[in-house]
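Breakdown of the fold
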Amino acid sequence: MVSSPSLKYVQGLRSVFPQQDHPKIVLLDMWGVMHNGSKPYDGVLETIQSLKKLDNVRLVILSNSSKRQSHSIKMLKKLGFNPSDFDDIITSGEVSYRMLSGDTTLECGIWSAIEEINSSANKDKKVFVYGSGDGDETYCESAGWKLASVSDANLIVARGTFTINDGAQIVSKKENKHEYDEVFEKSLAAAAERKIPMLVCNPDKVRPDKGLPPMPGAIGDMYAELLKDSGFESPDNLIKRIGKPFQEVYDLALKDEDPSLAIMIGDALETDVTGGNNIGCTTLWVINDGIHSPAVVEKGDGDYESGVSAVLDYFNEVKKETTGNSLTASPTFVVPHFRW
């Protein structure tokens, strides 16, 4: 079994931010750390203000939401946050949109597959969408892409797990799950057969709701398996995942500053902690409000620290077995809630 590293348990951020030599860049996850989609968690608004009072600290939201930045700003306002408290708000959906639109001012690596289509005068920009059902067509068309069938598209966009949209028909999981599942399976297989590139606008694999329903990252994984089964040796060359734990969003957040000056605060081992480990920054793993909370309770059987260690060990063991990657998720600090 993979053994978890020595964990530093703290009760609040005060212990992580001493008066001197504290992190200068705070990278903040939203859902499961700051709010639950309906309201802020207790003490979070006050914690943001405590961070704002520190000298030379930059607050950056890093969200894997497939929506654009403007949507996150509206949500923050609705939940009682002041968006101007944050020096930047970066969403996977915004970065993906700017790539789709050919935005040359985007200060991170641009996926070569999109770059090639955008720069080719001979290629129509046609996209088949696994969507959220909320503005999918506008999202793509305003970036210069036309929705098309999987047999005609030269790009797949995965930005949700609720609808399938080819421009002529929208199949909704909510309205007809059987039809959705059938169309999903057939379309994904057809895309794999044609070896169409896929842009995953949210690499999360499950949503932190009851039952942990699937997210676009799961579509990316299923597509990779289909590509492997078809004999394609390097499926990741055809799949681009935008968001934590992948590099592009960190490049945008850090702005060429040393990662050792940053702290990544999040609830998910696979995205937040792993992403922070990948870039070499401090990480703070939030437990009680996040995606791993039920497993910590179950595995700890009443003992918080035992549950945390057991969940971390299990995650790293599964990661090693399924990917062959011996690098372990290794949070620097563990905290029950995002509170000062």
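This text gives an overview of the structure that appears in the document. (Residues numbered from 1 in each chain as written. Predicted model: local features only at pLDDT ≥ 70, side-chain atom pairs only at ≥ 80, totals over all residues. Heavy atoms only, no water.)

Turning next to the environment of Thr138. Along the chain, the position of Thr138 falls in helix α5 (residues 136-141). When the C-alpha positions of Thr138 and Gly280 are compared, they lie 37 Å apart, and in sequence the two are 142 residues distant. (Helix = DSSP H or I, 4+ residues; strand = E, 2+ residues; numbered from the N terminus.)

By the definition in use, this model includes 6 aromatic pairs. A centroid spacing of 6.0 Å and a plane angle of 65° characterise the contact between Tyr9 and Tyr304, whose relative ring orientation is edge-to-face. Placement of the pair is Tyr9 in strand β1 (residues 8-9) and Tyr304 in helix α11 (residues 304-323), with a sequence separation of 295 residues. Put simply, the rings of Phe128, Tyr130, Tyr180 and Phe184 touch in pairs and so form one group of aromatic residues. In this structure, Lys299 is placed above the aromatic ring of Tyr314, and the distance from its NZ or CZ to the ring centre is 4.6 Å. (Phe/Tyr/Trp six-rings, centres within 6.5 Å; stacked < 30°, edge-to-face > 60°. Lys NZ or Arg CZ within 6 Å of the ring centre and 35° of its normal.)

With that settled, the discussion passes to the pairing of strand β5 (residues 126-131). Of all the 6 residues making up β5, 6 are buried; the element is thus mostly covered by neighbouring parts of the structure. Neither face of β5 is left uncovered, since the one carrying Lys126, Phe128 and Tyr130 and the one carrying Val127, Val129 and Gly131 both have all their residues buried. Of the strand pairs in this sheet, β5 and strand β6 (residues 146-147) are connected by 2 bridges, and their pairing is parallel. Directly across from Val127, in β6, lies its bridge partner Leu147. Following the chain from β5 across α5 to the adjacent parallel β6, one finds a crossover that is right-handed. Of the strand pairs in this sheet, β5 and strand β8 (residues 163-165) are connected by 3 bridges, and their pairing is antiparallel. Looking across to β8, one finds that Gly131 is bridged to Thr163. (Buried < 20%, exposed > 50% of the residue type's maximum accessible area, 1.4 Å probe, protein only. Pairing = 2+ DSSP bridges. Right-handed = clockwise from strand over helix to strand, strands pointing away.)

A word on helix α10 (residues 293-300). Each full turn of the α-helix corresponds to 3.6 residues, which orients residues three or four apart in the same direction. All buried positions along α10 are accounted for by Ser293, Val296 and Gly300. Around the axis of α10, the buried residues are gathered within 60° of arc, so they sit on the same side. Residues of α10 that are exposed and angled more than 90 degrees away from the buried face: Pro294 and Glu298. Looking at the buried positions of α10, the neighbouring elements they touch are α11. Of the residues flanking the end of α10, it is Asp301, one or two places downstream, whose phi is positive at about 50°. (Arc of directions from axis to C-beta. Contact = heavy atoms within 4.5 Å.)

For the rest of this paragraph, the subject is the sheet that holds strand β3 (residues 58-63). The parallel open sheet is built from 7 strands, whose spatial order is β1-β14-β13-β12-β2-β3-β4. Bordering the open sheet on either side are β1 and β4 (88-91), each of which pairs with just one other strand. As defined by bridge partners, strand β12 (residues 262-266) adjoins strand β13 (residues 282-286) across 4 bridges and the pair is classed as parallel. Across the sheet, the residue bridging to Ile265 is Leu284, located in β13. Seen against the sheet, helix α8 (residues 247-254) touches β2 (25-28), β3, β4 and β12 and runs at an angle of roughly 160° to β3. (Axes fitted to C-alpha atoms, helices over the stretch in contact; angles between N-to-C directions.)

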